[in-house]
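Here are the chains, one letter per residue:
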Amino acid sequence: MADENGLSPFQTDLNELLKLNRTDSKAAEEQFNSLPFEKRVRLVLNAAGGDRERLLTLDRQSKRLVSALPPDEFTRSVLEVGHEDAGTLLALSSDSQLTYLFDVTGWRHDKLDPARYEVWLPLLLEAGAGRVLRWIESTDLETMVLLFRHWFSVVKYLPSQDMQEPPDDLPKFTLDGVYYLDLFDKKSSDVVGQVLITLRNEKPELYQTIMEAMLWEDASPVAEDALRWRNGRLMDHGFPDRMEALELWARPAPGETDWQKQPSKDDLAFLADASPRSDAVVRLLPQVENLPMVLNELSGHQADRLRAEMAYVANCGVVALDADPADQEEMQKAARESLGMANLGLAIISEGERQTALKVISRVGLPALARQGAAAIRELNKEAWDLIKEGWLQGFPTSLYVLDQPLDRNLAGLVYPRPRYYDPSLPGDKEYRAFLNLADLEQSRLRLDQAWFWGKLLFELIGLDKGDVLGFWQTKVYPEDAREIKTTAVLGTWLARRYLGLSGPLAPLPRDSFNQAVKALQTELSDSLPEEIKSSCQAITDPKEAALAGSLLRNSLNRLLLELKRLNTDYDLDPGRTWGIITER
């Protein structure tokens, strides 16, 4: 639980220890090593990057302390430090930690990437032949064969009585006079050579087995087996296979989030062996969101259990969205999306109530909550497509782009294969992100309702003919860009024709009437809603529809007025320089 500054006791102790280390490293070492081992583990987990490495090296039992880190935490430490400075961590790592690091970073999607192994192998060599040998012994045969086939080819030569000297066309490199190796890349030859020498000297039988497999085993079965072993190991550490990961997006099972009828996780001993973890995954979400705030209320095993659940959901996102685990930015983006669904699901079930959220978390698993979040997002996606394919937008040449901003942007985000939330506050040129909370859901719902209601407003309440409106895209008009013909421009054109007394069906404004129309609209829109629109709104009996109509019309007419106010009607205006009135071209 956090203090009044929002810091956990471990974070407070960590900050004090790191401050001491900067001024008196010897005193910091004494203080750190005087702590119980479990507390030292938690302090390390609360640190990040270089700070974590500094704490690990302060410990007089550094190997034991490093080995106590869960494999994913160890891998995160290595990646945060960077391969240039990770030598000490690799030297101290356990076999399972190193295997996890290679399983995560040494593959590109479902294919082994030997170039990524080459990043870490020089550090293993610096740690000594013993560390290299332990890596070889803990690596499956199929992976070693794939690596070696990338680095060299092999020719076997057994001298006969008739030929005591090897032929001239054999590769020049051999360690035993039997297997001759042709190394492909001079840059990696030193590293590969040292690995081979260690293998041949320490494990000659394994060396022979690998060489024979390279000669006789087909490539495809070897690659398939290596991938299967790798995926199995990752599943043992909470990294699901693709089918399991995709279950986060499945339809919720009946009653799975009916938390009041579920037994508590404590009673079920759910994740009773959850290891201590850092808040690295938690920090992927804004700290004001439901999951981080709930975690802030927990301590001990309950907090570790929730962190483990969040790590699993994050891993599901990485796998399901085919993110590269070695790419920190790509992995965090995918993890943030799946965690956002769980965070949203928790908000839906708890109705945003913190104490209720705590009770829900104590009984309902995060994957079930993620499915609730995904279902809510999927519902918006379906309604958005219904509007485009079957609703009033059907038949419009520019489809959703007839809507004004931000309704067009919102609808575009909702019809993505993975629906996105439109957020204009994002930095740079980004506009979309994953859904995170109830506010996102409700804002998107409101914008979608507004988009739907534009059809009723134009074609029922105002009484425009859809065929007449579609005619704007069938003739030469200003604005020239068809995507600039928006609902506000349709409304502005209709009002302009009314003020000018132009009869007949809705059509582009005559070019010679443009100045007069602008002047009329500038005057009429300055005070209040036009009387015709007021009367239409007053006729709406449904309170929700009345509110939608009033909001849409006020926003639309304000935008129209701001656009037209900048025009000086004392001059002959060019209708091509404004989007507010659709004019003949």
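Right, let's walk through the structure included here. (Residues numbered from 1 in each chain as written. Predicted model: local features only at pLDDT ≥ 70, side-chain atom pairs only at ≥ 80, totals over all residues. Heavy atoms only, no water.)

### What to know about the pairing of strand 5 (residues 179–183)
Now for step 1: As paired strands, strand 3 (residues 152–156) and strand 5 are joined by five bridges and run antiparallel to one another. What sits directly across from V154, in strand 5, is L181.
Now for step 2: Two strands pair when backbone bridges link them, and strand 4 (residues 173–174) and strand 5 are joined in this way by two bridges, in the antiparallel orientation. Within strand 5, the position partnered with T174 by the bridge is Y180.
Now for step 3: Counted between consecutive antiparallel strands, the loop separating strand 4 from strand 5 contains four residues, among which G177 sits at a positive phi close to 75°. (Pairing = 2+ DSSP bridges. Helix = DSSP H or I, 4+ residues; strand = E, 2+ residues; numbered from the N terminus.)

### Observations concerning the packing of aromatic side chains
Now for step 1: What the rule picks out here adds up to twelve aromatic pairs.
Now for step 2: Taking the centre distance of 5.6 Å and the plane angle of 85° together, the rings of W392 and F396 count as edge-to-face. In terms of burial, W392 and F396 fall into one category: buried.
Now for step 3: Both rings, one in W392 and one in F459, keep their centres 6.1 Å apart while their planes meet at 65°; by these two values the pair is edge-to-face. On the criterion of sequence distance, the pair formed by W392 in the loop between helix 20 (366–389) and helix 21 (407–414) and F459 in helix 22 (residues 438–461) is long-range, its members being 67 residues apart.
Now for step 4: By relative accessible area, W392 is classed as buried at 9%.
Now for step 5: Three or more aromatic residues joined by ring pairs form one cluster here, namely W392, F396, F459 and W473. (Phe/Tyr/Trp six-rings, centres within 6.5 Å; stacked < 30°, edge-to-face > 60°. Buried < 20%, exposed > 50% of the residue type's maximum accessible area, 1.4 Å probe, protein only.)

### So, unusual backbone geometry
Now for step 1: For the bond from Q405 to P406, the omega torsion is 5°, close enough to zero to count as cis.
Now for step 2: Inspection of the secondary structure puts P406 in the loop between helix 20 and helix 21.
Now for step 3: With an omega of 5°, the peptide bond between Y478 and P479 qualifies as cis.
Now for step 4: Position of P479 among the secondary structure elements: in the loop between strand 8 (477–478) and helix 24 (487–500).
Now for step 5: A positive phi is found at L271, a non-glycine position, where the angle reads about 50°.
Now for step 6: Note on placement: L271 falls in the loop between helix 15 (242–245) and helix 16 (290–296).

### Some remarks on helix 19 (residues 354–361)
Now for step 1: Listed as buried for helix 19 are A357, L358, V360 and I361. Along the long axis of helix 19, the arc covered by the buried residues comes to 160°, so they all point the same way.
Now for step 2: Its buried side turned inward, helix 19 meets helix 16, helix 17 (300–320), helix 18 (328–350) and helix 20. (Arc of directions from axis to C-beta. Contact = heavy atoms within 4.5 Å.)

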